[in-house]
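Each chain, written out:
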Amino acid sequence: MPEGDTVWNTARVLHRALAGAALTGSDFRVPQLATTDLTGWTVRESASRGKHLLLRLAAPEERSDVRHWTLHSHLRMDGAWRAYAPGERWGARPAHLIRVVLRAPSAVAVGYHLHELALLPTAEEESLVGHLGPDLLGPDWDAAEAVRRLAAHPEATIGEALLDQRNLAGVGNLYKCEVLFLRGVSPWTPLGAVPDLAGTVALAQRLLAANRGRWTQSTTGSLHRGRTSYVYGRRAQPCRRCGTAIRKEELGERVTYWCPRCQPGPDPAQSPDPTQP
Ligand SMILES: [Zn+2]
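This structure is a prediction, so every number in the text was calculated from the model and none was measured. (Residues numbered from 1 in each chain as written. Predicted model: local features only at pLDDT ≥ 70, side-chain atom pairs only at ≥ 80, totals over all residues. Heavy atoms only, no water.)

Caption draft 1: Spotlight on the coordination of the zinc ion. Within the first shell, the zinc ion binds the protein through Cys 239 (SG), Cys 242 (SG), Cys 259 (SG) and Cys 262 (SG), at distances of 2.2 to 2.4 Å. One way to put it: the four donor atoms around the zinc ion meet at angles of 100 to 113°, and that makes the site tetrahedral. (Donors = N, O, S within 2.8 Å, 3.2 Å for Na, K, Ca; no water. Tetrahedral: all angles 85-135°; square planar, octahedral: opposite > 155°, others 65-115°.)

Caption draft 2: Fine view of helix H3 (residues 143–151). Within the sequence span of H3, burial applies to Ala 146, Val 147 and Leu 150. Mapping the buried residues of H3 onto a view down its axis gives an arc of 100°, with all of them on the same face. Against the buried residues of H3 lie helix H4 (158–161) and helix H6 (197–210). Taking the backbone nitrogen of Ala 144 as reference, a side-chain oxygen 3.3 Å away marks Asp 142 as the first, capping residue of H3. (Buried < 20%, exposed > 50% of the residue type's maximum accessible area, 1.4 Å probe, protein only. Helix = DSSP H or I, 4+ residues; strand = E, 2+ residues; numbered from the N terminus. Arc of directions from axis to C-beta. Contact = heavy atoms within 4.5 Å. Polar contact = N/O pair within 3.5 Å; in protein donor to acceptor, adjacent residues only side chain to side chain.)

Caption draft 3: Region of interest: the pairing of strand S7 (residues 107–112). Of all six residues in S7, six are buried; the element is thus mostly enclosed. Covered by surrounding structure in S7 are Ala 107, Ala 109 and Gly 111 together with Val 108, Val 110 and Tyr 112, the residues of both alternating faces. Where strand S5 (residues 80–84) meets S7, five bridges bridge the pair, whose relative direction is antiparallel. Bridging across to S7, Arg 82 finds its partner in Val 110. Note that strand S6 (residues 98–104) and S7 share six bridges and pair antiparallel. Paired with Ala 104 across the two strands is Ala 107, which belongs to S7. A loop of two residues connects S6 with S7, the two strands running antiparallel in sequence. (Pairing = 2+ DSSP bridges.)

Caption draft 4: Local environment of the packing of aromatic side chains. Under the criterion given, the structure shown has five aromatic pairs. With centroids separated by 4.7 Å and ring planes inclined at 65°, the aromatic side chains of Trp 188 and Trp 258 adopt a geometry described as edge-to-face. You can see Trp 188 sitting in the loop between helix H5 (173–183) and H6 and its partner Trp 258 sitting in strand S10 (residues 254–258), a full 70 residues away along the chain. Each of the two residues, Trp 188 as well as Trp 258, counts as buried. With 5.3 Å between their ring centres and 65° between their planes, Tyr 232 and Tyr 257 make a pair best called edge-to-face. Here the residue Tyr 232 occupies a position in the loop between H6 and strand S9 (247–251), and Tyr 257 occupies one in strand S10, the gap between them amounting to 25 residues. Since its relative accessible area comes to 10%, Tyr 257 is described here as buried. Positioned above the aromatic ring of Trp 8, the side-chain terminus of Arg 212 is 5.3 Å from the ring centre. A cation over an aromatic ring shows up here: Arg 241 above the ring of Tyr 230, its NZ or CZ 5.9 Å from the ring centre. (Phe/Tyr/Trp six-rings, centres within 6.5 Å; stacked < 30°, edge-to-face > 60°. Lys NZ or Arg CZ within 6 Å of the ring centre and 35° of its normal.)

Below is the structure:
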């Protein structure tokens, strides 16, 4: 699940593969950029902002009035970038999912099933990411501002508000479910009734930061398959703390997982208890 840490890792992979390199070729397989050719452009750096990827480029002087450009992409649920060595087989995903190929002398970056692919002047990046709240993994992370934005909507459920990237940027469904379990808060709790919003925000930041630099996302401390989460993806399995069956329900546009015993509070009345026949 691409969340802020996955996007941060991806930005680092692209930075290591491409930063400082002059591109020797590009191949865009999306209609809006089909005629774009970045041959001769230099990759300045790769960065992430919440779940958005920003590959910053310099155009050749003779090619454009604007020198600095940003290739923006978003992974959503299923996108990925991979860096391959020249000549290496591109095996990460099926070829029909390729949306862009960037060739450099020492690496080839391939973007699969990318969303919101756009090339725009770097000076205009804010038009795509300016609405985002503080970035949990950004150099300018501002916990107090994230808490302020959350607290401005006391009636919203904490489960939905943590996913709203305008409040804080980087939390996806996995971290949302896990943070609320660890804090003992029902996902349906209105923000105004969450006892320690600052503590919840701080924990979210710590969990994402702990998973930087590796691809296995774990909130339990274990990297063993099947043991990396407390509640996420564990419907009907026993809670690791109390043994109660973990539940799964729709909340807003997403599903949520929670332990009804460890996370007391509002509970969707229509939800049947999976432990009862
Ligand atoms: Zn429990």
